[in-house]
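The chain contents come next:
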Amino acid sequence: NKVYKNEGNSYVLREVPEEAVTIFDIGCGAGDIAKSLKKDNRIIIGMTLSNEEKEMASNFCNEVIIADIEKYDALNYNNFFDVIIDMILSTCCILM
């Protein structure tokens, strides 16, 4: 299994509003985006397919889910997130 680790996607990081509190990071890898976005008041939930990436991302995310987004029921988080980051598609969706 490859561990995805880098300095974070600068395009995606620029798109996240400063006032965003709840962030869902799909394809969080080792938590590089979360590391850059982490603040005391932010809640960052990451999602990955890898146990190894989960361990690394847990240093920066409040919770890391091991799941395939195409098979994951995200209704538990309905209307919870201010921002959804999808690193699989390299996109950022602002919901606030």
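Criteria and cut-off values
- Residues numbered from 1 in each chain as written.
- Predicted model: local features only at pLDDT ≥ 70, side-chain atom pairs only at ≥ 80, totals over all residues.
- Heavy atoms only, no water.
- Phe/Tyr/Trp six-rings, centres within 6.5 Å; stacked < 30°, edge-to-face > 60°.
- Buried < 20%, exposed > 50% of the residue type's maximum accessible area, 1.4 Å probe, protein only.
- Helix = DSSP H or I, 4+ residues; strand = E, 2+ residues; numbered from the N terminus.
- Pairing = 2+ DSSP bridges.
- Disulfide = S-S within 2.5 Å.
- Core = buried A, V, L, I, M, F, W, Y, C linked by side-chain atoms within 4.5 Å.
- Contact = heavy atoms within 4.5 Å.
- Salt bridge = Lys/Arg side-chain N within 4 Å of Asp/Glu carboxyl O.
- Right-handed = clockwise from strand over helix to strand, strands pointing away.

Caption draft 1: Region of interest: the packing of aromatic side chains. Enumeration over the complete set of coordinates arrives at two aromatic pairs. Measuring from centroid to centroid gives 5.1 Å for Phe80 and Phe81, while their planes differ by 85°, and the two rings are edge-to-face. Of the residues examined, Phe80 reaches a relative accessible area of 34% and is grouped as partly exposed. By the ring-pair criterion, three or more aromatic residues cluster together here, those being Phe24, Phe80 and Phe81.

Caption draft 2: Spotlight on the pairing of strand 1 (residues 22-26). Where burial is concerned, most of strand 1 is hidden: five out of the five residues are buried. Burial along strand 1 is two-sided: Thr22, Phe24 and Ile26 and Ile23 and Asp25, pointing in opposite directions, are all buried. Note: strand 1 against strand 2 (residues 43-48), five bridges, orientation parallel. Residue pairing across strands places Ile26 opposite Met47, the latter belonging to strand 2.

Caption draft 3: The state of the cysteines, seen in detail. Going through the model one piece at a time under the given rule, you end up with zero disulfides. Left without a disulfide partner, Cys28 is nearest to the cysteine sulfur of Cys61, which lies 4.9 Å away.

Caption draft 4: Structural context of the nonpolar core. Val16, Ile23, Leu37, Val83 and Ile85 are the most contacted members of the largest nonpolar core, which has 15 residues in total. Among the secondary structure elements, those contributing two or more residues to this core are helix 2 (32-37) and strand 4 (83-86). No other element matches helix 2, which puts three residues into this core. Among residues more than four places away in sequence, those in contact with Val16 are Ile23, Leu37, Arg42, Val83, Ile85, Cys92 and Ile94. Judged by nonpolar contacts, the second largest core, of seven residues, contains Phe24, Ile26, Ile45 and Met47.

Caption draft 5: Representation of the pattern of salt bridges within the structure. For the structure on display, the rule yields one salt bridge. Glu18 is paired through a salt bridge with Lys39; the nearest N and O atoms lie 1.8 Å apart. Here the residue Glu18 occupies a position in the loop between helix 1 (10-15) and strand 1, and Lys39 occupies one in the loop between helix 2 and strand 2, the gap between them amounting to 21 residues.

Caption draft 6: Region of the structure containing the pairing of strand 3 (residues 63-66). Alignment of strand 2 against strand 3, held across four bridges, turns out to be parallel. Bridge pairing in strand 3 links Ile45 to Glu63. In the classification by handedness, the crossover that spans strand 2, the intervening helix 3 (residues 51-57) and the parallel strand 3 is right-handed.

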